[in-house]
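Single-letter residue listing:
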Amino acid sequence: LSTIKKAANDMIVLLDKIKNESDINLKEHNLYNFVHEIVDFMGNKFDDKNISINIDIDKNKIAVFDELLTKNVMYNLLNNSIDSLENKDNKKISITFNENNNNMVLLNVKNNGEIINEEDFEKIFIKGYTTKKQGSGLGLAVSKENMQRQNGDLRIVKSNNDETVFELELMK
């Protein structure tokens, strides 16, 4: 019950943040703990759909981001990954990190689900555009905006028969 109350409270605060851009709260966070908290919260979704999830993040990796905005982005990416794995047999999601030369931490969310056509790589971040039967076309667009509002970014790196990779760019 406390988890549900926390999720409801997070949603209220998130909606307020979206309305008021000045409320962005950039802080240092342990990326390992942050990702594990999200995966633990969503655990039943992975278990119910027989999805194996692998997290490969340094236990001491620190990044700077707004916790609620970035949680919302991660929930969106993971839920999209779950949806894309619907008709697959060997369902896998992987979350890894890397660093670039621009003082940024790169958090990669990978799945072996349905392929996103390359011509849709830019379109999927446009509000109202969706490839899903039941999609609103808001999830990835709002997620990209949320990352950019905190001096980061969200992009699709690749999508092929082996994997689809989304990358969140976070400040160190």
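Just so you know, these numbers come straight off a predicted model, no measurement behind them.

Remarks on the pattern of salt bridges
Next up, step 1: A full pass over the atoms with the stated rule returns 12 salt bridges.
Next up, step 2: Between Glu145 and Lys127 there is a salt bridge; the shortest N-O distance is 3.2 Å. Of this pair, Glu145 sits in helix α5 (residues 139–149) while Lys127 is found in the loop between β5 (104–111) and α5, placing the two residues 18 residues apart along the sequence.
Next up, step 3: By relative accessible area, which is 35% here, Glu145 ends up partly exposed.
Next up, step 4: For Lys127, a relative accessible area of 48% puts it in the partly exposed group.
Next up, step 5: One salt bridge connects Lys144 with Asp153, and the closest N-O pair in it is separated by 2.8 Å. Just as Lys144 is buried, Asp153 falls in that class too.

So, the environment of Arg155
Next up, step 1: Assignment of secondary structure puts Arg155 in strand β6 (residues 153–159).
Next up, step 2: Leave out the neighbours within four places in its chain, and Arg155 touches Phe125, Val165, Phe166, Glu167 and Glu169.
Next up, step 3: A polar contact of 2.6 Å, which involves the side chain of Arg155, links it to the side chain of Glu167.
Next up, step 4: Within the structure, Arg155 has its side chain in polar contact with the side chain of Glu169 (distance 3.5 Å).

A look at the side chain of Asn76
Next up, step 1: Following the sequence through the fold, Asn76 ends up in helix α4 (residues 67–84).
Next up, step 2: A residue is classified by how much of its surface remains accessible, and Asn76, at 16% relative accessible area, is buried.
Next up, step 3: Residues in contact with Asn76, not counting those within four places in the same chain, are Gly139, Leu140 and Ser143.

Some words on α4
Next up, step 1: Over its 18 residues, α4 runs 25 Å from end to end, which matches the ideal 26 Å to within 8%, given 1.5 Å per residue.
Next up, step 2: With 14 of its 18 residues buried, α4 lies for the most part within the structure.
Next up, step 3: A side-chain oxygen of the first residue of α4 lies 3.1 Å from the backbone nitrogen of Leu68; this N-cap is Asp66.

Side note on the pairing of strand β4 (residues 92–99)
Next up, step 1: Sheet topology note: the strand β2 (residues 52–56)/β4 ladder contains 5 bridges and is parallel. Within β4, the residue paired with Asn54 across the bridge is Ser94.
Next up, step 2: The pairing of β4 with β5 spans 7 bridges and is classified as antiparallel. Looking at the pairing, Phe97 lines up with Leu107 of β5.
Next up, step 3: Linking β4 back to β5 in an antiparallel pair, the connection comprises 4 residues, with Asn103 at a positive phi of about 65 degrees.

About the criteria used
- Residues numbered from 1 in each chain as written.
- Predicted model: local features only at pLDDT ≥ 70, side-chain atom pairs only at ≥ 80, totals over all residues.
- Heavy atoms only, no water.
- Salt bridge = Lys/Arg side-chain N within 4 Å of Asp/Glu carboxyl O.
- Helix = DSSP H or I, 4+ residues; strand = E, 2+ residues; numbered from the N terminus.
- Buried < 20%, exposed > 50% of the residue type's maximum accessible area, 1.4 Å probe, protein only.
- Contact = heavy atoms within 4.5 Å.
- Polar contact = N/O pair within 3.5 Å; in protein donor to acceptor, adjacent residues only side chain to side chain.
- Expected span 1.5 Å × (residues − 1).
- Pairing = 2+ DSSP bridges.

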